[in-house]
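# Structure assessment
Listed below are the residues making up each chain.
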Amino acid sequence: MSSTFFIPAVNIMGIDCLDEAMVAIRNYGFRKALIVTDAGLAKAGVAGMISEKLAMQDIDSVIFDGAKPNPSIDNVEKGLAQLQRSACDFVVSLGGGSPHDCAKGIALCATNGGHISDYEGVDRSTKPQLPLIAINTTAGTASEMTRFCIITDEQRHVKMAIVDRNVTPLLSVNDPALMVAMPKGLTAATGMDALTHAIEAYVSTAANPITDACALKAITMISQNLRQAVHDGSDLVARENMAYAQFLAGMAFNNASLGFVHAMAHQLGGFYDLPHGVCNAVLLPHVQSFNAMVCAGRLTDVAHALGADIRGFSPEEGAQAAISAIRGLARDVEIPNGLRELGAKLTDIPVLAANALKDACGLTNPRTADQRQIEEIFRSAF
Ligand SMILES: [Fe+2]
């Protein structure tokens, strides 16, 4: 089987790496940035701080702070209009997954034209996007380094999965000093998202030895650091380890893709406007229970990477140990118990399941499923 490995050309990471990244940005020779961020980071002055650092490198910028959680088509269109009005020649995304995804949509449409929904699916664009520099503040969706862009179509109540090599950022920046302000709930949710990336990539039908190595290391680092990052957000060692771990998980899923956890979580997020990481964390053990009959050996590796003692276990027992360890970690970081707690309704399950089956992320799930089986997984997660 052949495989292509996608990752940004340059990736700068580690405590206080932001200044080094600014010099790298200057060396690209760009003149004016559209900084795409969310209202919270703009209000907290983080976007202004980035704008000032760019000015120190003689680079102009304008701030677009309209990337909402679960960014919408409208967010992309407003940002694109501002980019065109201000004649920016590159985009800087600042934040977690939402600003990065919104910025990818803006940068892709800026060069390819058309409407963001034209690019739903795999590699639908023809031209490279406007150069995108992604400065990450969570750990993490890994959107700062992937070719995945998720935009909500508010009219259809669905999240569009745009999987396109052209949305890969030019440069990713992961400075843990920008992550210490993340509240506990966001730290937990984004960390569980990263764990889901690693596990779905590891059991994916498109996994290869490179993605396997990235996934297993990510799982181990998350199991060793997420609790501490949630418990004490100012612990820079735990924050830095989580930044590396989420990046490794990104390397894994950017190339091995995902599975039904993401295909289903996208629908919950699009339908009820729920946080992506929390939806994943709730669904993860239920989807892996469904998968266990076809990938028990792989789930046993996951259990081992999560720190479970699997000596003498059969593959079936190993898979159960993985599922228990996932539940234990989710409980320790105070993820809600089930979909009911998140406000989902049993009567919506048929439409959620039908949409999940159309999501490109489900194509590499190790076990195929029909409408009835996806509905059953949703019910089990209530
Ligand atoms: Fe995710």
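Residues numbered from 1 in each chain as written. Predicted model: local features only at pLDDT ≥ 70, side-chain atom pairs only at ≥ 80, totals over all residues. Heavy atoms only, no water.

## Observations concerning the sheet that holds strand β8 (residues 158–163)
- Read from one edge of the open sheet, 3 strands run β5-β8-β7, paired in mixed fashion. Whereas interior strands pair on both sides, the edge strands pair on one side only; in this sheet they are β5 (121–122) and β7 (148–153).
- Where β7 meets β8, 6 bridges bridge the pair, whose relative direction is antiparallel. Paired with phenylalanine 148 across the two strands is valine 163, which belongs to β8.
- Together, β7 and β8 form the strand contacts of helix α9 (residues 260–272), whose direction differs from that of β8 by roughly 130 degrees. (Pairing = 2+ DSSP bridges. Helix = DSSP H or I, 4+ residues; strand = E, 2+ residues; numbered from the N terminus. Contact = heavy atoms within 4.5 Å. Axes fitted to C-alpha atoms, helices over the stretch in contact; angles between N-to-C directions.)

## Structural notes on empty space enclosed by the protein
- One pass over the structure, following the stated rule, counts 1 cavity of 30 Å³ or more.
- The space that makes up the largest cavity amounts to roughly 40 Å³.
- Mapped by element, the contributors of at least two residues to the lining of the largest cavity are α6 (184–203) and α8 (236–256).
- Tallied by class, residues from the lining of the largest cavity come to 5 nonpolar, 2 polar and 1 charged. (1 Å grid on protein atoms, 1.4 Å probe; cavity = no way out; pocket = protein on both sides within 12 Å on 5 of 7 lines; lining within 4 Å. Points joined across faces, edges and corners; volume = space filled by probe spheres on them. Nonpolar A, V, L, I, M, F, W, Y, C, P; charged D, E, K, R; others polar.)

## A few points about the side chain of aspartate 175
- For aspartate 175, the position within the fold is in the loop between β9 (171–174) and α6.
- This buried residue, aspartate 175, is left without a salt bridge; lysine 53 holds the nearest opposite charge, at 7.9 Å.
- Polar side-chain contacts of aspartate 175 include one of 2.8 Å to the backbone nitrogen of aspartate 16.
- Apart from residues no more than four positions distant in its own chain, aspartate 175 is found in contact with Gly14, Ile15, Asp16, Cys17 and Leu18. (Buried < 20%, exposed > 50% of the residue type's maximum accessible area, 1.4 Å probe, protein only. Lys, Arg positive; Asp, Glu negative; His and termini not counted. Salt bridge = Lys/Arg side-chain N within 4 Å of Asp/Glu carboxyl O. Polar contact = N/O pair within 3.5 Å; in protein donor to acceptor, adjacent residues only side chain to side chain.)

## Overview of the pattern of salt bridges
- Scanning the model with the defined rule gives 12 salt bridges in all.
- For arginine 311, the salt bridge is made with aspartate 309, and the minimal N-O distance between the two is 2.8 Å.
- Look at arginine 311 and you get exposed, because its relative accessible area is 72%.
- We classify aspartate 309 as partly exposed; its relative accessible area is 49%.
- Taken together, the salt bridges that share partners define one network made up of Glu120, Asp153 and Arg156.

## Examining the sheet that holds strand β2 (residues 32–36)
- Reading across from one edge, β1-β9-β6-β4-β2-β3 is the order of the 6 strands in this open sheet, with parallel pairing throughout. One side of each edge strand has no neighbouring strand; the edge strands of this open sheet are β1 (10–13) and β3 (60–64). When strand polarity is set aside, the average angle formed by the axes of neighbouring strands in this sheet is 20 degrees.

## Quick look at the coordination of the iron ion
- The coordination sphere of the iron ion, as far as protein atoms go, consists of Asp193 (OD), His197 (NE2), His262 (NE2) and His276 (NE2), spread over 2.2 Å.
- Considering all 4 donor atoms around the iron ion, angles at the metal cover 83 to 168 degrees and the coordination shape is irregular.
- Mapping the donors of the iron ion onto the primary sequence gives the spacing D-x3-H-x64-H-x13-H. With aspartate 193 in helix α6 and histidine 276 in helix α10 (residues 276–305), this pair connects stretches of sequence that are 83 residues apart.
- You can call aspartate 193 buried: its relative accessible area is 1%. (Donors = N, O, S within 2.8 Å, 3.2 Å for Na, K, Ca; no water. Tetrahedral: all angles 85-135°; square planar, octahedral: opposite > 155°, others 65-115°.)

## Observations concerning the domain arrangement of the protein chain
- When the domains of the protein chain are assigned, the result is domain 1 (10–178) and domain 2 (184–380).
- One C-alpha centre belongs to domain 1, the other to domain 2; they are set 25 Å apart.
- Taken together, the contact between domain 1 and domain 2 spans 27 residues of the former and 33 residues of the latter.
- Roughly 2400 Å² is buried in total at the junction of domain 1 and domain 2, and carbon and sulfur atoms are behind 63% of that figure.
- Per-residue buried area on domain 1 facing domain 2 is highest for Ala139, Phe148 and Lys159; these three make up 23% of the total on that side.
- Where domain 1 meets domain 2, there are 0 salt bridges.
- The interface formed by domain 1 and domain 2 contains 10 residue pairs in polar contact (both at pLDDT 80 or more).
- Mapped onto the side of domain 1 that touches domain 2, the elements with two or more residues apiece are β1, β7, β8 and β9.
- Its residues assigned to classes, the side of domain 1 that touches domain 2 shows 12 nonpolar, 12 polar and 3 charged. (Domains from an automatic or database assignment. Buried area = accessible area lost by both parts, 1.4 Å probe.)

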